[in-house]
Amino acid sequence: MFLVSVNALSQQIQQAIASVYSKREAKAIAQAYLNMTCGVNTLDILMEKAVEEPVDFKTDLAQLAAGVPLQYVTGKAYFYDRLFSLNAATLIPRPETEELVSQVLKIIGSEAKHILDIGTGSGCIAISLALEAPQSQVSAWDVAAEALTKAQENASHLGAQVTFKQQNVFEWSTDQTMWDIIVSNPPYVLDAEKAEMEAHVLDHEPHMALFVPDEDPLLFYRVIGEMAQDRLKPGGYLCFEINRAFGTQNVSLAEAQGFENIQLLKDFHGNDRMLIAQRSSH
């Protein structure tokens, strides 16, 4: 068995990706890679622990140097302190989305709710809600079969009870179920914003899950809002992650659709990021 210092591996990674990432980012990526592949933590690195070199280390290094995101190289990402598997059809879960989950959990409290996650991707929202609020029933939709396969795999691995369904949200009327909470992190990045995006996002994450047409930035919010007015139980909640540039417009849309108690919430960066609204209880 050939052992190598985790520090030596970390230095190799940082050197390989120095032209793609800042020094700080490169160090964080190296640590995260070693955590996911070797199970080492920061203390192990400080103690210069010796480990076996990961089997695919050279291939992984080449991919990281080419700008492939760490999460796609390892096929894994942490979300709400749990490790999720990813594939090419699933977005990399973001910390901002963890905040959305926390807000939904506040609404659930200790009650048993019937919850739907629309555009589930890796299943990170639905699975986290099912595990954190096991008294509730959680369902999840996605239009992409490849995403659903990965979401089901994650639910099985993490021990979550979630009902998955391949469903196009634009054909929502084909499903007659009523819900207490509808949550969604739908596509909200404008085509016009592509120029500002980092290559490792633009080149590798699924565009179907990211982008909306410039001329209709609230497309998914409008359709899901229409559905929520019809499928939420009276007093039920609609919970969105939104594009920070469209907070005011999202609020106006929710008002126009008849929602009440509308809250526009900021993320930890101070950006408008979540909208929570309630269907009238009358």
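It should be noted that the structure appears before, not after, this text.
Now for a description of the structure that goes with this document. (Residues numbered from 1 in each chain as written. Predicted model: local features only at pLDDT ≥ 70, side-chain atom pairs only at ≥ 80, totals over all residues. Heavy atoms only, no water.)

**Comments concerning the sheet that holds strand β12 (residues 260-266)**
Paired through their backbone hydrogen bonds, the strands of a sheet run either parallel or antiparallel. For clarity, the threshold we go by: If DSSP finds at least two bridges between two strands, the strands pair. The secondary structure listing takes helices from DSSP runs of H or I that are at least 4 residues long and strands from runs of E that are at least 2 residues long, numbered from the N terminus. Here, axes are lines fitted to C-alpha atoms. For helices the fit covers the stretch in contact, and angles between N-to-C directions go from 0 to 180 degrees. Contacts are residue-level and defined by heavy atoms, with any inter-residue pair within 4.5 Å sufficient.
As summarised here, the arrangement of the 7 strands in space is β7-β6-β5-β8-β11-β13-β12, forming an open sheet in which the pairing is mixed. The sheet is open, and its two edges are formed by β7 (162-166) and β12, each paired on a single side. Adjacent strand axes in the sheet meet at a mean angle of 15 degrees, parallel and antiparallel pairs treated alike. Its contacts with the sheet put helix α6 (residues 95-108) on β5 (114-118), β8 (179-184), β11 (232-241), β12 and β13 (272-278), and the angle it makes with β11 is roughly 160 degrees. Where helix α10 (residues 219-231) meets the sheet, its contacts fall on β5, β6 (137-142), β8 and β11, and the angle it forms with β11 comes to roughly 160 degrees.

**Observations regarding the environment of Met178**
Mapping Met178 onto the fold places it in the loop between β7 and β8. Separated by 11 residues in sequence, Met178 and Gln167 have C-alpha atoms that sit 15 Å apart. When residues no more than four places from it in sequence are discounted, the contact partners of Met178 are His114, Asp230, Arg231, Leu232, Lys233 and Arg279.

**Things to note about the pattern of salt bridges**
Put simply, the test is: By definition, a salt bridge exists where a carboxyl oxygen of Asp or Glu is found within 4 Å of a side-chain nitrogen of Lys or Arg. Buried residues are those whose accessible area, probed at 1.4 Å on protein chains only, stays under 20% of the maximum for their type, while exposed residues exceed 50% and partly exposed ones sit between those limits.
Following the criterion strictly, the structure yields 9 salt bridges and no others. We note a salt bridge from Glu132 to Arg82, for which the minimum N-O separation is 2.8 Å. Highlighted residues: Glu132 in helix α7 (residues 124-132) and Arg82 in strand β4 (residues 82-85), separated in sequence by 50 residues. Glu132 gets classed as partly exposed once you look at its relative accessible area, which sits at 37%. A salt bridge links Glu111 to Lys113, with the shortest nitrogen-to-oxygen separation between them at 2.8 Å.

**Thoughts on unusual backbone geometry**
Phi at Glu48 is positive, roughly 55 degrees, even though this residue is not glycine. By secondary structure assignment, the location of Glu48 is in the loop between α3 (42-46) and β2 (50-52). For Tyr80, which is not glycine, the phi dihedral falls at a positive 55 degrees.

**Considering the pairing of β12**
Where β12 and β13 come together, 5 bridges link them in antiparallel fashion. Its bridge partner being in β13, Leu264 is matched across the sheet by Leu275. Counting the residues that bridge the hairpin from β12 to β13 gives 5 residues, and of these Gly270 lies at a positive phi of roughly 90 degrees.

**Structural notes on empty space enclosed by the protein**
Convention followed: Buriedness for pockets is judged along seven lines, at least five of which must meet protein on both sides within 12 Å for an open set on the 1 Å grid over protein atoms alone, while cavities are sets there where a 1.4 Å probe fits but cannot get out, and lining residues have an atom within 4 Å of a point. Grid points are joined across faces, edges and corners, and a volume is the space filled by probe spheres set on the points.
The tally for this structure, following the rule as stated, stands at 1 cavity of 30 Å³ or more. Size it by volume and the largest cavity reaches roughly 50 Å³. Forming the boundary of the largest cavity are Tyr221, Leu238, Phe240, Asn250, Leu253, Ala254, Gln257, Phe259, Leu275 and Ala277. At the level of elements, β11, α11 (247-256) and β13 are the ones that each hand at least two residues to the lining of the largest cavity.

**Looking at the side chain of Gln167**
Cut-off, in case you're wondering: Any N or O atom pair separated by 3.5 Å or less is treated as a polar contact, with the protein-specific requirement of one donor-capable and one acceptor-capable atom, and with residues adjacent in sequence counted only for side-chain atom pairs.
Here Gln167 lies in the loop between β7 and β8. For Gln167, a relative accessible area of 9% puts it in the buried group. Among the polar contacts made by the side chain of Gln167, one reaches the main-chain carbonyl oxygen of Glu171 at a distance of 2.9 Å. Apart from the residues within four sequence positions on either side, Gln167 is in contact with Trp141, Asp142, Val143, Trp172, Thr174 and Asp175.

**Remarks on helix α2 (residues 23-38)**
Where we set the bar: Multiplying one less than the number of residues by 1.5 Å gives the expected span of a helix. Taken from the helix axis, the directions to the C-beta atoms give the arc we talk about.
Taking 1.5 Å of rise per residue, the 16 residues of α2 would be expected to cover 22 Å, and the 22 Å separating its terminal C-alpha atoms lies within 8% of that figure. Restricting attention to buried positions, one finds in α2 the residues Ala26, Ile29, Ala30, Tyr33, Leu34 and Met36. Looking down the long axis of α2, one finds its buried residues gathered within 165 degrees of arc, a one-sided arrangement. Once α2 ends, the next one or two residues include Gly39, with phi positive near 75 degrees.

**Notes on helix α4 (residues 57-65)**
In an α-helix there are 3.6 residues to a turn, and that puts residues three or four apart on one side. Within α4, the full set of buried residues consists of Phe57, Asp60, Leu61 and Leu64. All buried residues of α4 lie within an arc of 100 degrees about the axis, which places them on one face of the element. If you follow the buried residues of α4, they end up packed against α1 (6-16), α2 and α5 (70-74). Just beyond α4, the residue with positive phi is Gly67, at close to 95 degrees.

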